[in-house]
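Commentary on secondary and tertiary structure
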Amino acid sequence: MERIVKKLQLPLFNVFVLAMVVQLCGSLASGSSHEQERKAYIVYMGDSVETTISAVDRHHDLLSAAIGDEDIARKSRIHSYGKSFDAFAAHLMPHEAERLRENENVVSVFPSTLRKLQTTRSWDFLKMPLSVKRNSQIETDVIVGLLDTGIYVDAPSFDDKGFGPPPSKWKGICQSGGNFSGCNNKVIGARSYNVDRKNAVDNLSPADDEGHGTHTSSTIAGVPVQGASLYGLGQGTARGGVPGARVAMYKVCHERGCSDLDILAAFDDAIADGVDLLSVSIGGPSNDYFSDALAIGTFHAMKNGILTSCSAGNEGPRMSSVENVAPWILTVGASGLDRQFRSSARFGDGMRTSGVSLNTFRLKRRMYPLISGAKAANNSRIKDDFFSPMSCDSGTLDEKKVKGKIVFCHRGYDQDYVIKKLGGVGVILVKQGNLDTGSSFLIPATIVDPLEAEMIDKYINFTKNPRAIISKSRKVTVAAPFVASFSSRGPNPVSSTIAKPDLVAPGIDILAAYTKLASVTGSEDDNRYDVYNIMSGTSMACPHAAATAAYIKSFHPDWSPAAIKSALMTTATEMKVGEELAELAYGAGQIDPVRALHPGLVYDASKMNYIRFLCNEGYSGTVLRLITDEHINCSRIPSIGGNDALNYPSMYLQLENPNSSISAIFHRTVTNVEPGNFMYKATVKAPMELKITVTPDTLKFDRMYEKKSFKVEIKGPALKINVTVLSASLEWRSDSSSHRVKSPIIIHAKELYY
């Protein structure tokens with residue numbers, strides 16, 4: 001205050017007035033204005049450091065300097081991360097966040113975001129039967145951690161009969177209390193997070209009150225349970241890919257979403273707890289790698305030898321919608337099984353439609369009156385064009401016209417809830433696009449395509465007493481595998497040198513364990529509670545890949561995350577799909593667990609390989625020093641040259657200008673991971689306009705873990721008009737043909753998709 005007075009040369013009365021103003025402004029800053037403007041930020045400072053000063057004290061000092069008030073700084077700090085990396089969360093105003101960004105010890109400062117959640121027959125479909133070869137003694141020591149909605153330990157899939165105590169390497173805990181029944185020797189760890197206590201959550205225990213985490217956990221490690229089904233649908237033996245493995249649940253997702261603050265806290269704990277792999281079926285917008293909580297957490301997991309499998313997102317078929325794209329992440333899209341659930345609708349004139357849904361209800365064997373939303377309109381309630389009776393929107397229908405009838409609705413939202421509340425007995429819905437995914441509803445329901453919808457409309461409009469009945473769903477066989485229509489597509493929105501997603505795994509209509517703390521649909525109006533459910537999404541594909549990685553690790557415990565990832569990608573099954581730009585949807589193809597166990601060769605990568613990649617991406621040595629806790633000078637890191645500066649299992653060229661000629665070089669190194677001597681010959685498949693040369697085209701290995709390098713040079717003219725992508729492949733075949741190591745090569749023009 002004295003400094004202000006001296007500088008302004010104010011008279012005494014004005015000094016008094018100024019003091020009152022300053023006091024008022026101060027109270028406003030710490031009062032309502034403070035509450036309104038301060039938002040949760042994450043301040044990421046790189047690798048964890050060992051100092052005599054505690055992480056909390058260091059973080060407080062930084063905050064105090066940025067905020068200028070120790071008391072506000074103390075109240076603003078939310079959480080300090082320090083087990084596996086150095087970071088803290090705090091409520092900041094924008095200018096305070098900017099001051100922290102200017103600090104030389106800070107890598108990034110970014111606002112916390114809320115992210116969203118993105119599983120009998122799937123393992124048989126992947127040619128991994130119950131009798132598959134297992135290394136049971138080591139598999140039972142594999143610990144898979146999941147960041148999800150919690151876990152319902154009482155589900156039969158988590159029965160710990162026959163399991164011994166947790167492995168000695170396990171350092172985690174099991175939080176008890178609330179509605180959580182505790183852990184066992186199968187589910188050995190459980191934590192729940194709510195770092196920012198300003199955002200209250202209903203269930204703070206690790207118990208799963210949504211079902212998502214229970215579903216993904218059992219897909220990975222559920223023990224075999226015979227006779228599992230969802231009210232008769234999908235009946236068979238439910239099991240995980242590695243039924244002998246242990247599960248550690250980190251509950252970071254609640255009804256409001258999955259907070260970055262909680263996600264980073266879970267990574268910090270999971271790495272220190274001793275998990276072997278991580279499965280994260282969570283997504284959000286892809287950002288700069290070190291302004292992205294998932295990219296940061298997975299980077300530090302990779303540094304500690306932990307592979308993280310992440311879902312690619314459910315924003316397909318939109319291009320460049322893929323999420324979780326850091327090269328150290330295994331990014332997994334969704335594919336379909338050869339099984340689909342159909343619920344047909346039969347009409348009074350004999351017409352029958354083959355709709356798609358998960359309809360567990362069986363109506364009485366008689367026809368019911370049928371009406372369209374348009375004919376059931378409550379005209380006195382419709383006030384604008386936003387709510388439409390044609391779509392059966394809430395408040396637009398007449399209860400007297402709906403009661404006791406099956407209602408035909410175009411599009412809309414929560415139509416099953418609306419029709420049930422009005423006394424309707426069923427609903428037929430219309431969906432544009434691919435009908436490849438079933439959904440559960442509160443009443444008998446089925447989804448038809450626009451062509452069938454047109455015939456239903458005509459039947460209703462030109463029939464005096466239209467009638468219909470909806471059948472309980474039944475299983476039908478379809479051609480597979482195929483890419484799910486909802487599965488997010490590339491190109492990679494962050495790095496123009498890495499193709500994403502990496503591969504696909506089953507993610508449509510997957511039966512797996514569920515919680516009895518939520519109904520089948522999650523609605524309070526649904527009285528169906530079961531320990532199994534059928535769900536779809538890249539959330540369901542992600543744990544299939546994580547389980548396969550755990551299966552490989554049970555035989556090869558010393559393999560790096562990159563080696564396991566390479567094994568999965570280079571042995572993947574090529575997708576036989578006619579979809580345009582399909583390579584940007586499925587990457588290397590669909591996982592093949594049994595083949596991946598013996599890939600022959602792997603494209604390995606260490607922490608320093610990723611650092612070289614980051615240098616190539618433009619990250620500075622200062623930032624990299626903080627991330628690695630090592631002095632990094634990008635100019636002194638040996639360069640491998642080429643287009644991407646990374647030893648990746650796929651090769652990807654993004655053309656800045658589609659009219660320019662094609663020219664790229666990729667440098668790769670493969671490691672022999674099989675005992676014995678092998679000779680590998682390169683086989684290239686490419687369109688005629690591409691010339692792809694591999695030098696050398698023959699690799700001879702005399703011992704296990706021997707490395708060999710090669711160069712791939714690609715030449716070609718500019719893309720032809722209407723040609724949007726070129727796809728090729730390189731396959732290394734051993735002399736005995738026992739190993740085939742395949743890498744996709746994808747070329748496309750950037751401006752066509754942005």
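First, a word on what this report is: a plain description of the structure on this page. (Residues numbered from 1 in each chain as written. Predicted model: local features only at pLDDT ≥ 70, side-chain atom pairs only at ≥ 80, totals over all residues. Heavy atoms only, no water.)

**Observations concerning the packing of aromatic side chains**
Both the distance between ring centres and the angle between the ring planes are used here to describe each pair of aromatic rings. Note the cut-off: Between the rings of Phe, Tyr and Trp (Trp by its six-membered ring), a pair exists once the centres lie within 6.5 Å; its type follows the angle of the planes, with under 30 degrees stacked, over 60 edge-to-face, and the other angles tilted. Secondary structure elements follow DSSP: runs of H or I no shorter than four residues count as helices, runs of E no shorter than two count as strands, and numbering proceeds from the N terminus. Note on exposure labels: buried denotes an accessible area under 20% of the residue type's maximum, exposed denotes more than 50%, and partly exposed covers the range between, all computed with a 1.4 Å probe on protein chains only.
Taken as a whole, this structure holds 16 aromatic pairs when the rule is applied. Ring plane angle 45° and centroid distance 6.4 Å describe the contact between tyrosine 289 and phenylalanine 613, whose orientation is recorded as tilted. Of this pair, tyrosine 289 sits in the loop between strand E14 (282-283) and helix H11 (293-303) while phenylalanine 613 is found in helix H19 (residues 607-616), placing the two residues 324 residues apart along the sequence. Each member of the pair, tyrosine 289 as well as phenylalanine 613, carries the same accessibility label: buried. Look at phenylalanine 290 and tryptophan 328: their rings are 6.2 Å apart centre to centre, the planes differ by 20°, and that puts the pair in the stacked class. With phenylalanine 290 in the loop between E14 and H11 and tryptophan 328 in the loop between strand E15 (307-311) and strand E16 (329-335), the pair connects residues that are 38 residues apart, well separated along the chain. Side by side, phenylalanine 290 and tryptophan 328 carry an identical accessibility label, which is buried. Among the aromatic residues, ring-to-ring pairing joins Tyr44, Tyr289, Phe290, Phe299, Trp328, Tyr610, Phe613 and Tyr619 into one connected group.

**So, the sheet that holds strand E6 (residues 143-148)**
Condition: Only strands that DSSP links by at least two bridges are regarded as paired with each other. Note on method: axes are straight lines fitted to C-alpha atoms, helices fitted across the in-contact stretch only, with angles between N-to-C directions ranging 0 to 180 degrees. Here a residue-residue contact requires only that any non-hydrogen atoms of the pair lie within 4.5 Å.
One open sheet accounts for seven strands, arranged E7-E10-E6-E13-E15-E16-E25; its pairing is parallel. The open sheet terminates on both sides in strands that have one partner only, identified here as strand E7 (187-192) and strand E25 (503-506). Recorded for the sheet is a direction-independent mean angle of 25° between the axes of neighbouring strands. Where E7 lies against strand E10 (residues 246-251), five bridges are found, and the strand directions are parallel. Residue pairing across strands places valine 187 opposite valine 247, the latter belonging to E10. The strands that helix H9 (residues 212-221) touches are E6, E10 and strand E13 (277-280); relative to E6, the one it contacts most, it runs at about 160°. Contacts from helix H10 (residues 260-273) reach E6, E7, E10, E13 and E15 within the one sheet, and its direction differs from that of E10 by about 155°.

**As for the environment of phenylalanine 678**
Relative to the elements of secondary structure, phenylalanine 678 occurs in strand E31 (residues 678-685). Residues phenylalanine 678 and arginine 366, 312 residues apart in the sequence, show an inter-C-alpha distance of 68 Å. Setting aside chain neighbours within four positions, we find phenylalanine 678 in contact with Asn672, Leu699, Lys700, Phe701, Ser734, Asp735, Ser738 and His739.

**Considering helix H4 (residues 55-67)**
What counts here: A helix's residues, less one, multiplied by 1.5 Å, set its expected span.
Look at H4: 18 Å from first C-alpha to last across 13 residues, which is about the 18 Å you get at 1.5 Å a residue. Of the surrounding elements, those touching the buried residues of H4 are helix H5 (70-76), strand E2 (77-81), strand E3 (87-92) and helix H6 (94-101). Directly beyond the C-terminal end of H4, a positive phi value near 85° is found at glycine 68.

**With respect to the nonpolar core**
The cut-off we apply is this: For the purposes of this section, nonpolar cores are sets of buried Ala, Val, Leu, Ile, Met, Phe, Trp, Tyr and Cys residues that join through side-chain atoms within 4.5 Å.
Ranked by internal contacts, the top residues of the largest apolar core, which has 137 residues, are Leu147, Tyr250, Val275, Tyr289, Phe290, Trp328 and Leu614. Ranked by the residues each element gives to this core, the list is headed by helix H15 (residues 538-555), at nine residues. Contacts of leucine 614, omitting those with residues within four sequence positions, involve Tyr289, Phe290, Phe299, Trp328, Tyr619 and Leu624. Among the nonpolar cores identified, the runner-up in size contains 29 residues, and Tyr603, Phe666, Leu699 and Ala749 belong to it.

**Brief notes about the environment of serine 343**
Spelled out, the test is: Nitrogen and oxygen atoms within 3.5 Å of one another constitute a polar contact, given that in protein one can donate a hydrogen and the other can accept it, and given that sequence-neighbouring residues count only through two side-chain atoms.
Structurally, serine 343 can be placed in strand E17 (residues 339-347). Since its relative accessible area comes to 0%, serine 343 is described here as buried. A sequence separation of 15 residues divides serine 343 from leucine 358, and the C-alpha atoms of the two residues are 7.4 Å apart. Each residue touching serine 343, except ones within four places of it in the same chain, is listed here: Gly355, Ser357, Asn359, Ala445, Thr446, Ile470, Ser471, Lys472 and Ser473. Only 2.5 Å separates the side chain of serine 343 from the backbone oxygen of serine 471, close enough to count as a polar contact.

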